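Okay, here's what each chain looks like letter by letter:
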Amino acid sequence: MSLATVTWIAGPVLHATRQGPFSLRESVRVGPQALLGEVVRIQDTSIVVQVYEDTTGLRPGIEVRGDGQPLSIRLGPGLLGHIFDGLLRPLSGADTKFVQPGMRPAAVARRHFEAAVQAGDVLAPGAIFGTAGDAGNAAGRTQHCLVPPACGGIVESVVPPGEQADDATVCVLRSGDGADAVRHALAMSQLWAVRSPRPVARRLPPLAPLVTGQRILDGLFPVARGGKAAIPGGFGTGKTVLLEALAKGCNADVIVYLGCGERGNEMAGVLEEFPTLTDPRSGRPLMERTVIIANTSNMPVAAREASIYCAITVAEYFRDQGLHVALMADSTSRWAEALREVSGRFGELPGEGGYPAYLSSRLADFYERAALVQTLGGATGSVTVMGAISPPSGDFSEPVTSHTKRYVKAFWALDVKRAQARFYPAIHPLQSYAEDARDFAPWWAEQGNGQWLTLRRRFLTLLDEQAQLERMARIIGKDALPARQQLTLLCAELVNEAFLRQSAFSEIDRVCSPARQAAMMKLLGRFIDLAEAALSAGAAPERFAALPCLRALQRMGEDIGDDQLPRFAELEARLEREFAPLTAAPGSASQEAGDETHG
Ligand code: ADP
Ligand code: MG
């Protein structure tokens, strides 16, 4: 064990003269309280340490002890259903105050272990060697126990089924023979260096979207399962509500929710609400497949910097079990601010916006870890990353937003004006994009929406035209626009109201299944077709605006739930009926419409 003596302290950073060797990224213990820290720089005779706890009261002269291993977290069956701080130390209940100074990572839980292998079996790195089951009251599904990535060999011994501490040796592997033999002790959990990505067999091209249940995302700006999305938005535009809606409604197996640097009262909402939620897929508590990592603004700043790595490492650990994981980070701006603050304490030269020059590469490192993969064990798993960004004064040209844009494929821009008009989710359809959208057309075709790409393009074109026409209408007045353009405005408005608008607080509408989205998209496409045909047949746009079915379409998200899909066919029949007199008989349309509109 190496020792060093503190010479200088500035906030979360300290310098110490070393008496022995330290390695970069080595975890250290500082002072009598054994505060957790990490070596971030090594100089001739000294080390620079970043401390993950409150350093008030520390003085020069106190001792720093090396742990002899990189800063690590314990990955194991005790994660699901629990709330942790930025270094994966358990927080109790809704308590976001500091963990005890110097506390060791994650408390050890007891679990029912059952081996899936026997003596003599040969195990490759990443293989599954058993299951860790639900031990009575502990929340969480049965989980696989994985051979750590660097191990592998022949099973020498394995314990019989029964309850075990999650760090106890349950299986011994041997690699090599005779005098060269190396033995690996495997437990249900494993230590992993927090900043190292977990290895995979290979990356796979992501061809399916992560189904979010949010129409504007799935319909217009889909993110891949294994993809990455950014959610930039000014204060109060709905980032947190959207991330929570995604956590509740997306089709991931495991949710890792990172509350990073937001104020305690905002995080409190998540901490109080999540444990009460029911998983719409299983009817069981949503927390059973959720891990929450919370580092609120009142917690030490360096731990916030580490929390993002901690969260993605946890996500990768579940991915390695062959699961699809969604990671929500709220917000990456607060993480970048922590990076900036710590960098300032190191005395590094500030770059753009005061952030260190490596901001961009750190963001890249983080988002790069999102992927659909074949795991070392041969299964398919994924990590999808969705990161909120809170740009100061909503300016998307600031460094965190602009660098993040380079690494994400989906960009969900929250708009202040939409939020002020209480149009939720306030995602701006013209400022947002999804680069992979074309790849998902086959997936949608399998869901019965072969028209998805065409309809998507059509909606986007309409919304784009709407923006231009509204500019013109402000100058010349809406009524002075030609009939075709008035129709464009009407249809664009309908797409907004009927499809893009979706309340996160509506029992029926907060999650929208792909089947329901497909039905709604098709119905809107049909309305646009019929309206265009009627216009060509000589009907005036005011006529469609007055059709009763228009109102029904605007309200269909709230009216027709996922369990009532046949009602969309009824609505379509009604649409056809109401339009019939407008399209069939040019010239005479105006007299007949009066009767038909009662249908
Ligand atoms: P941010 O995290 O961007 O600061 P919040 O997510 O806290 O903003 O949202 C602010 C408020 O806006 C919420 O308290 C809620 O009233 C409203 N809101 C945001 N998104 C939605 C939504 N999808 N549906 C309904 N209301 C919403
Ligand atoms: Mg928020």
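How each quantity is defined
Residues numbered from 1 in each chain as written. Chains lettered and ligands numbered in written order. Predicted model: local features only at pLDDT ≥ 70, side-chain atom pairs only at ≥ 80, totals over all residues. Heavy atoms only, no water. Pairing = 2+ DSSP bridges. Helix = DSSP H or I, 4+ residues; strand = E, 2+ residues; numbered from the N terminus. Axes fitted to C-alpha atoms, helices over the stretch in contact; angles between N-to-C directions. Near = heavy atom within 4 Å. Polar contact = N/O pair within 3.5 Å; in protein donor to acceptor, adjacent residues only side chain to side chain. Areas by Shrake-Rupley, 256 points an atom, 1.4 Å probe, with all protein chains shown as cover. Nonpolar A, V, L, I, M, F, W, Y, C, P; charged D, E, K, R; others polar. Buried < 20%, exposed > 50% of the residue type's maximum accessible area, 1.4 Å probe, protein only. Contact = heavy atoms within 4.5 Å.

### Topic: the sheet that holds strand β4 (residues 35–42)
If you walk around this closed barrel you meet the six strands as β1-β2-β5-β4-β3-β6, and the pairing is antiparallel. Strand-to-strand twist across the sheet, computed as the mean angle between neighbouring axes with direction ignored, equals 45°. Of the pairings in the sheet, the one linking strand β3 (residues 26–30) to strand β6 (residues 63–70) comprises four bridges and is antiparallel in character. Bridged to E26 within β6 is P70.

### Some thoughts on the site of ligand 1
Residues in close proximity to ligand 1 include G234, F235, G236, T237, G238, K239, T240, V241, R422, Y424, A504 and F505, which together make up its full environment. In this structure, V241 approaches ligand 1 through a main-chain N or O atom, which is 2.8 Å from an oxygen atom. Measuring from an oxygen atom of ligand 1, one finds a side-chain N or O atom of Y424 at 3.2 Å. Out of a free accessible area of 560 Å², ligand 1 has 76% covered by protein chains. Tallied by class, residues from the shell around ligand 1 come to five nonpolar, five polar and two charged.

### Thoughts on unusual backbone geometry
The linkage connecting D330 with the following residue, S331, adopts the cis geometry, with an omega of 5°. With respect to the element layout, S331 can be found in the loop between β22 (324–330) and α5 (332–346). In this chain, Y424 is followed by P425 through a cis amide linkage whose omega measures -10°. Tracing the backbone through its elements, the reader meets P425 in the loop between α8 (416–420) and β26 (433–434). The backbone phi angle of A34 is positive, close to 55°, even though this residue is not glycine. Turning to its location among the elements, A34 is positioned in the loop between β3 and β4. Classification of A34 as buried rests on a relative accessible area of 17%. The phi torsion at S393 lies on the positive side, around 45°, for a residue other than glycine. Residue placement: S393 occurs in the loop between β24 (380–389) and α7 (399–407). Owing to a relative accessible area of 78%, S393 belongs among the exposed residues under this scheme.

### Points about the sheet that holds strand β16 (residues 182–186)
Where strands meet in a sheet, backbone hydrogen bonds hold them as pairs that are either parallel or antiparallel. With antiparallel pairing, the four strands of this open sheet are ordered in space as β10-β13-β15-β16. Taken across any chain shown, the strands that pair with only one partner, and hence form the sheet edges, are β10 (122–123) and β16. Across four bridges, strand β13 (residues 153–158) lies against strand β15 (residues 171–175) in antiparallel orientation. Among the inter-strand pairings, I154 is bridged to a residue of β15, identified as R174.

### Re the environment of T237
Structurally, the position occupied by T237 is in the loop between β19 (228–232) and α2 (239–249). Residue class for T237 comes out buried when judged on its relative accessible area of 2%. Through-space distance from the C-alpha of T237 to that of I475 is 29 Å; in sequence the pair is 238 residues apart. Contact partners of T237, with chain neighbours within four places excluded, come to L414, D415, V416, A419, Y424 and A426. A polar contact is formed between the side chain of T237 and the backbone oxygen of G234, at a distance of 2.7 Å.

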